[in-house]
Amino acid sequence: MEMNTMPAQLSVSKVLVLVIMTLCIKTYAQDSFYYNKYKHWSSELESLATNSSDAMALVCLGSCYDRGDGVTQDRKQAFELFRQAASLGDKLGLYNLALYYHRGYLVEQDDAYAIKLLNKAIEVDPKFIEAYIVIAQTYEAGGKGVDKDASKAFQEWKRLANIGHPRGQYTIAHCYENGLGVNRDLDNALYWYELSANQGYSWGMTGAASCYIQKRQWESAVRWLTEAYNKNFLPACHNLADMYYYGNGVEQSYPKALEIFTKGANENPSCKYRLAVMYRNGLGTSVDLTKSGKLLFEAADKGVGQAQYLLGIDFYEGKYQERNYELSVKFLQMALDNKYVLDGVKGEICRKLSTCHRFDLDAASAKTNQKRMNLSVWLRNMETPMRKKYFPG
């Protein structure tokens, strides 16, 4: 089978999955943890907490006040209860108190002290997953008293990976793949991605596939993408559909690519763009410019630069009922401002824009030149009337 070329690495939105601990659960909009034994406020819990040596009761009552569960929300009271539990060395008392300093609840934000408390919680329970995650994310973003430091963030994620946690393994693999806080190392990235994937972590599967794509080992990439896809993990759709589109690692099939892009389009605007191109060119289906235009419009609205570019060209050439240079200029300008559009395409955009401005084809061009519009706001405002006029049905 002839191996066609494809982008070495296709971007996938990486969603951070919150970890629910075995011994405790995350609660409502707040982040305080409590033990399952005392989920809700009761007079019995209040009585137990009066005995300041009962750390579990202190934590659970503090969480009730933090959440307003059975009592009026009172974070001052919650803070004091968490402080008492932390002084007894309770891991959830330490964690909850750390969050108050991390978020600046009732006290001045102090991320350095929050990290100190979280490390104490890890000493109590070396498998306290959420404590590792908060420390790592604090170093990633920086905070009060803590400088942004990708290298320290990597080390924290590696601590989590070393205890066998799939999210930690996935994250340090991502760091190795992209050179975040560590030298780029595709082999190390693949090693950690596959450790994560072998535990059933879907992001690990797509990450491993990304590495195999870069190594041009298509069959291995297809194997991991298919496994993730069969788990109904939609972020796998774009790369897997591409495999069928180009015939890399599988028998080439436009209908199969169309099927997978269609499924992925519900979540991924890049799939929506690729699907639009297939309807535009009649690949695996009949040509349908109206359906293609709708999909391009939706993808453009989500920031897909190639979709913005194609709409600009289409309105310039009059593919949808008529030429509309004003719409052409606006979509082309969006694409020109989009950092993901290739430089070669931007050259073509500049030529089209120059022609429109030179011959005053765009009635609003002078105004646009004097004061650049907020094009994303314009697109939202124009969405309904444009759909009705150019993409009916």
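Above this text sits the structure in question.
Summarised in this report is the structure supplied together with it.

### Considering the nonpolar core
Core analysis: the largest hydrophobic core is formed by 122 residues, its most contacted members being M243, F261, Y273, L296, Y309, L311 and I349. For Y309, the residues in contact, after removing those within four places along its chain, are L332, A335, V345, E348 and I349.

### What about unusual backbone geometry?
Notably, R216 is not glycine yet its phi reads approximately 60 degrees, a positive angle. Its location among the elements puts R216 in the loop between helix 10 (202-214) and helix 11 (218-230). R216 gets classed as partly exposed once you look at its relative accessible area, which sits at 43%. Positive phi outside glycine occurs at N232, with the angle close to 65 degrees. Here N232 lies in the loop between helix 11 and helix 12 (237-246).

### Thoughts on the pattern of salt bridges
If charged atoms from side chains of opposite charge come close, those side chains can pair. What the rule picks out here adds up to 14 salt bridges. A salt bridge links K215 to D187; the shortest N-O distance between them is 2.6 Å. Note that K215 is positioned in the loop between helix 10 and helix 11 and D187 in helix 9 (residues 186-197), a separation of 28 residues in sequence. The exposure class assigned to D187 is exposed, which follows from its relative accessible area of 53%.

Rules behind the numbers
- Residues numbered from 1 in each chain as written.
- Predicted model: local features only at pLDDT ≥ 70, side-chain atom pairs only at ≥ 80, totals over all residues.
- Heavy atoms only, no water.
- Core = buried A, V, L, I, M, F, W, Y, C linked by side-chain atoms within 4.5 Å.
- Buried < 20%, exposed > 50% of the residue type's maximum accessible area, 1.4 Å probe, protein only.
- Contact = heavy atoms within 4.5 Å.
- Helix = DSSP H or I, 4+ residues; strand = E, 2+ residues; numbered from the N terminus.
- Salt bridge = Lys/Arg side-chain N within 4 Å of Asp/Glu carboxyl O.

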